[in-house]
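Fold and geometry: a report
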Amino acid sequence: MSVLPYPLLSLSLVLMWMTLNSFTIGHLLLGGIIATFASWGMAALRPHKPRIRRWHLLPYLIGIVLYDIVRSNIAVVSIILAGRSHRQRSGFLAIHLDLKDQTALAILAVIVTSTPGTAWLEYNSSDGTLLIHVLDLVEEQEWTDLVKNRYERLLMEIFE
Amino acid sequence: MSQAADLPLWAAIAVSAFLLLGSALALIGTIGLTRLPTFYERLHAPTLGTSWGTGGVVMASMIFFTVTGSRPVFHEILIGIFVTVTTPVTLMLLAQAALHRDRAEGDANVPPSATAGTGAGKEAPAAGTAD
């Protein structure tokens, strides 16, 4: 067993400790000790360890997700404020996912959920079917493309 | 709030703009929660508050305390991260409960469970939560 079984987790914990306290040597040491013990505790649980293959694509993913969140916020606000004329357009959408990595699926769930207008309902891991609910389902293909081409392909490049 | 008087004009404008944006989005989200007709549509409305609703208020807070406190303050960003990362958990729980109820009642508008092939409204446990 290595000293730091989860380097990324330890690094995030140290950074979090220092943002909550202050950026001083003392807090770096204290946070470092806490992060080391925390990562040993995490190792005892033996969680699935994500393997990030292409780091440079992460900022790009964060960028397009933030942009999409802004865009879909505007879309949902206009639907809510437009009122009753916009009814009967929401619906369910089943998408077949080729993504298998657990961490990547978790990130996809966060993306789908945090963009207003799409809600992750159910994922079937045996055949890879994802059921989402879309508030403004005018063009089914458009939403399938959004999840498949915009997010899934990028996540697969990063994690698989 | 004696600090607020020391705030330069540009920061005051930025803080109020972000604060108004964030709270307006949260308000519109709650209006949507009361106005949208079905459960699944109502799921979407509060995500306005958890995405840019939180984001706007957090940005305003960061700008205000960074400008008045003379050192960078960005631990608020942790609030944004944790709200974003934990929202899917509650949302999926609610969605799974609703799907289970509607399938058990044989609601035709809800797609059948993908797990059992033909198993609409079975007692099968809600398989296929994320991870």
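What counts, and at which threshold
Residues numbered from 1 in each chain as written. Chains lettered and ligands numbered in written order. Predicted model: local features only at pLDDT ≥ 70, side-chain atom pairs only at ≥ 80, totals over all residues. Helix = DSSP H or I, 4+ residues; strand = E, 2+ residues; numbered from the N terminus. Rg over C-alpha atoms; globule rule 2.2 N^0.38 Å. Buried ≥ 20, exposed ≤ 12 C-beta atoms within 10 Å, placed from the backbone. Contact = placed C-beta atoms within 7 Å. Pairing = 2+ DSSP bridges. Domains from an automatic or database assignment. Axes fitted to C-alpha atoms, helices over the stretch in contact; angles between N-to-C directions.

In terms of helices and strands, chain A carries 5 helices and 3 strands. N-terminal to C-terminal, the α/β element order of chain A is α-α-α-β-α-β-β-α. Against the globule reference of 15 Å for 160 residues, chain A gives a C-alpha radius of gyration of 20 Å, more extended than a compact globule. With respect to the three principal axes, the spread of C-alpha positions in chain A is 60 × 35 × 25 Å. Buried residues in chain A amount to 29% of all 160 residues. For chain A, restricting intrachain contacts to residue pairs at least 6 apart in sequence, the fraction spanning at least 24 positions comes to 70%.

Residue and element names in this part refer to chain A. Of all 6 residues that make up strand β3 (residues 129-134), 5 are buried, and the element is covered over most of its length. As paired strands, strand β1 (residues 91-96) and β3 are joined by 6 bridges and run antiparallel to one another. Across the sheet, alanine 94 pairs through a bridge with leucine 131, a residue of β3. In this sheet, β3 lies alongside strand β2 (residues 118-124) in antiparallel orientation, the contact comprising 6 bridges. Looking at the pairing, glutamate 122 lines up with leucine 131 of β3. The hairpin formed by β2 and β3 contains 4 residues between the paired strands, and glycine 128 there has a positive phi angle of roughly 70°.

We note that the domain assignment places domain 1 (7-45) and domain 2 (57-159) within chain A. Using C-alpha coordinates to define each centre, domain 1 of chain A is positioned 33 Å away from domain 2 of chain A.

A word on the sheet that holds β1 of chain A. Residues and elements named next belong to chain A. Strands sit in the order β1-β3-β2 across an open sheet of 3 strands; the sheet is antiparallel. In this open sheet, the two edge strands, each paired with only one partner strand, are β1 and β2. Averaged over all neighbouring strand pairs, the angle between strand axes comes to 25°, with direction disregarded. Against the sheet, helix α4 (residues 102-114) contacts β2 and β3, and its axis sits at roughly 150° relative to β2.

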